[in-house]
Amino acid sequence: DDTTVRAASAISEGLFDHKLTKEEKKIAGPAVHYSLGTGVGGLYGAVAEVVPEVTAGAGLPFGAAFWLVVDEGAVPLLGLSKGPTAYPLSTHVYALASHFVYGLTTEIVRRSVRNAI
């Protein structure tokens, strides 16, 4: 199972004493992934209202920080993946690039919502 499925399984088993079926994992993994991304993106938008400096770099530093804290830090510390040295550099580069896209998209959405208000 990937990291998001492991997280969903841990939540399901820890809170509900329920072991996810294969079909439930197909739904729960992406739900965890998108819930975390949406929640952190919302937090970014709220912080940007108070500390506009966080929007510097069009969201790219935000994406990099999210990658570093979550992918490289919290996920291994929680036992949801192996440590960062267990993966090839290409895996880290791909994940960082993906989080750059996430950060940029989050900033574009934040600006669009902010300008629509």
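Here is what the cut-offs are and how they apply
- Residues numbered from 1 in each chain as written.
- Predicted model: local features only at pLDDT ≥ 70, side-chain atom pairs only at ≥ 80, totals over all residues.
- Heavy atoms only, no water.
- Helix = DSSP H or I, 4+ residues; strand = E, 2+ residues; numbered from the N terminus.
- Expected span 1.5 Å × (residues − 1).
- Buried < 20%, exposed > 50% of the residue type's maximum accessible area, 1.4 Å probe, protein only.
- Polar contact = N/O pair within 3.5 Å; in protein donor to acceptor, adjacent residues only side chain to side chain.
- Axes fitted to C-alpha atoms, helices over the stretch in contact; angles between N-to-C directions.
- Parallel < 35°, antiparallel > 145°, perpendicular 65-115°, else oblique.
- Left-handed = near helix turned anticlockwise from the far one by under 90°.
- Contact = heavy atoms within 4.5 Å.
- Nonpolar A, V, L, I, M, F, W, Y, C, P; charged D, E, K, R; others polar.

As for helix α4 (residues 89-116)
In step 1: Its 28 residues place the ends of α4 40 Å apart at the C-alpha level, agreeing with the 40 Å of an ideal helix rising 1.5 Å per residue.
In step 2: Those residues of α4 lying buried are His-92, Ala-95, His-99, Tyr-102, Gly-103, Thr-106, Glu-107 and Arg-110.

Let's talk about the environment of Arg-114
In step 1: By secondary structure assignment, the location of Arg-114 is in helix α4.
In step 2: A relative accessible area of 39% means that Arg-114 is categorised as partly exposed.
In step 3: Through-space distance from the C-alpha of Arg-114 to that of Ala-28 is 31 Å; in sequence the pair is 86 residues apart.
In step 4: Within polar-contact distance, the side chain of Arg-114 engages the side chain of Glu-49 at 2.8 Å.

Describing the packing of helix α3 (residues 60-77) against α4
Any two packed helices are characterised by the angle at which their axes cross and by the distance between the axes.
In step 1: Packing of α3 against α4 brings their axes to within 7 Å, and their N-to-C directions diverge by 135°. Compared by their axis directions, α3 and α4 come out oblique. For α3 against α4, the interelement crossing comes out right-handed. Counting all contacts with α3, which are made through Leu-60, Phe-62, Gly-63, Ala-64, Phe-66, Trp-67, Asp-71 and Glu-72, the residues of α4 involved are His-92, Ala-95, Leu-96, His-99, Phe-100, Tyr-102, Gly-103, Leu-104 and Thr-106.
In step 2: Residue composition of the contact of α3 with α4, grouped by class: 10 nonpolar, 5 polar and 2 charged.

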